[in-house]
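Secondary and tertiary structure notes
One letter stands for each residue in the lines below.
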Amino acid sequence: MKLGIFGGTFNPIHYGHLRAAEEVQAKLNLDKIIFVPSGNPPMKDRELADARNRYKMVRLATFKNRSFTVSDIEYKKKNKSYSVNTLKELQRHYKGARLYFILGIDAFIDIPNWWQPDRLVMLADFVVISRPSFKFAGLSSSPYIEADNNILKRLDSGKIESYKTALAGGRNIIMMRLTPIEISATLIRKLLYQGKSIKYLLPEEVESYIISNKMYKLKV
Ligand code: ATP
Ligand code: MG
């Protein structure tokens, strides 16, 4: 079994995430994509919605797709979760499965700042997906991959669609160009703070949930 693991704060989930999951699943022929919404860190972040609400929105956004599932392992934890533990737990749960850890270029660039990154890169194959405003060429300085600069540039320009190489530690990294969708949760929160429409940026079920629960309003 081949499983895609897609983590994030999903604050809130939007069509950028959903379309990315759809395309990665098709391109790599994955049996399932498991969305893993993060828990709430001990230090409160004013803009980060409650973990339960973010988890519920991911459920609402994905329930119609039989190959999408949502894991509650991070959101249920009282303490901060680390991807290393999440991947180890998922691997224990899905014995024998091959795990593909999916993340955008922006998230991959940040990995050296995560907990135990050297171990993390050995726990799954990595799928690094394109995202508007970020370039694969920016990965050339990553300590975890040995990539040919020219190939990264060819990916950015669209001359090649994907590129597979080795990660430090022996697993694979697959870089993949997807349909560019310039939506971020930051943009959606900003529109909501300004009282503007968020229609067609995320599923209707999620939009209704946000509105009926009065989420993402500026507190005065
Ligand atoms: P925020 O603006 O709050 O950071 P976000 O839109 O970046 O929210 P996250 O929950 O931070 O969403 O992202 C989860 C994962 O999805 C990350 O790996 C991120 O790179 C990826 N991602 C988010 N939006 C897109 C998009 N539009 N296209 C491709 N990848 C995306
Ligand atoms: Mg983000």
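In this report, we go over the structure that sits alongside the text. Since this is a predicted model, take the numbers as computed values, not measurements.

**Observations concerning the overall build of the chain**
The helix and strand inventory of the chain stands at eight helices and seven strands. Its C-alpha radius of gyration of 17 Å places the chain within 12% of the 17 Å reference for a compact globule of 220 residues. A principal-axis box enclosing the C-alpha atoms of the chain has dimensions of 50 × 40 × 35 Å. Buried residues in the chain amount to 45% of all 220 residues. Across the chain, the fraction of contacts at a sequence separation of at least 24, relative to all contacts at a separation of at least 6, is 67%. When the accessible surface of the chain is totalled, it reaches about 12,000 Å², and 50% of it is carbon and sulfur. Placing the 36 positive and 21 negative side-chain charges of the chain at their respective mean positions leaves the two points 4 Å apart.

**A closer look at the site of ligand 1**
Near ligand 1 there are 21 residues, and of these Asp106, Arg131, Ile181, Ala185 and Thr186 occur at the shortest range. Ala185 is positioned with one of its backbone polar atoms (N or O) 2.8 Å from an oxygen atom of ligand 1. Separating an oxygen atom of ligand 1 from a side-chain N or O atom of Arg189 is a distance of 2.9 Å. Computed on the free molecule, ligand 1 has an accessible area of 590 Å², of which 87% lies beneath the protein chains in the complex. Looking at the shell around ligand 1, the elements that each hand over two or more residues are strand 1 (2-8), helix 1 (15-28), strand 4 (98-104), helix 4 (105-110) and helix 7 (185-193).

**Re the packing of helix 2 (residues 51-62) against helix 8 (residues 204-212)**
Helix 8 packs onto helix 2 with a crossing angle of 150 degrees between their chain directions and a minimal axis gap of 8 Å. Comparing the axis directions of helix 2 and helix 8 gives the class roughly antiparallel. Two packed elements cross with a definite hand, and for helix 2 against helix 8 that hand is right-handed. Seen from helix 2, the contacting residues are Asn53, Lys56, Met57, Leu60 and Ala61; seen from helix 8, they are Glu205, Val206, Tyr209 and Ile210. Of the residues assigned to the contact of helix 2 with helix 8, the class counts are six nonpolar, one polar and two charged.

**Side note on the layout of surface pockets**
In this structure, the second largest pocket encloses a volume near 450 Å³. What lines the second largest pocket is a set of 18 residues, among which Asp45, Arg46, Glu47, Leu48 and Lys219 lie closest to the centre.

**What to know about the sheet that holds strand 7 (residues 172-176)**
Strands sit in the order 3-2-1-4-5-7-6 across an open sheet of seven strands; the sheet is mixed. Here the strands that pair on one side only, and so sit at the sheet edges, are strand 3 (68-70) and strand 6 (162-166). Across this sheet, the average inter-strand angle for adjacent strands is 25 degrees, counted without regard to direction. Here strand 1 runs beside strand 4; their pairing, made up of five bridges, is parallel. Looking at strand 4, one finds that Ile5 is bridged to Phe101. This element, helix 3 (residues 83-93), spans strand 1, strand 2 (32-37) and strand 4 of the sheet and lies at about 150 degrees to strand 4.

Cut-offs and rules
Residues numbered from 1 in each chain as written. Chains lettered and ligands numbered in written order. Predicted model: local features only at pLDDT ≥ 70, side-chain atom pairs only at ≥ 80, totals over all residues. Heavy atoms only, no water. Helix = DSSP H or I, 4+ residues; strand = E, 2+ residues; numbered from the N terminus. Rg over C-alpha atoms; globule rule 2.2 N^0.38 Å. Buried < 20%, exposed > 50% of the residue type's maximum accessible area, 1.4 Å probe, protein only. Contact = heavy atoms within 4.5 Å. Areas by Shrake-Rupley, 256 points an atom, 1.4 Å probe, with all protein chains shown as cover. Lys, Arg positive; Asp, Glu negative; His and termini not counted. Charge placed at Lys NZ, Arg CZ, Asp CG, Glu CD. Near = heavy atom within 4 Å. Polar contact = N/O pair within 3.5 Å; in protein donor to acceptor, adjacent residues only side chain to side chain. Axes fitted to C-alpha atoms, helices over the stretch in contact; angles between N-to-C directions. Parallel < 35°, antiparallel > 145°, perpendicular 65-115°, else oblique. Left-handed = near helix turned anticlockwise from the far one by under 90°. Nonpolar A, V, L, I, M, F, W, Y, C, P; charged D, E, K, R; others polar. 1 Å grid on protein atoms, 1.4 Å probe; cavity = no way out; pocket = protein on both sides within 12 Å on 5 of 7 lines; lining within 4 Å. Points joined across faces, edges and corners; volume = space filled by probe spheres on them. Pairing = 2+ DSSP bridges.

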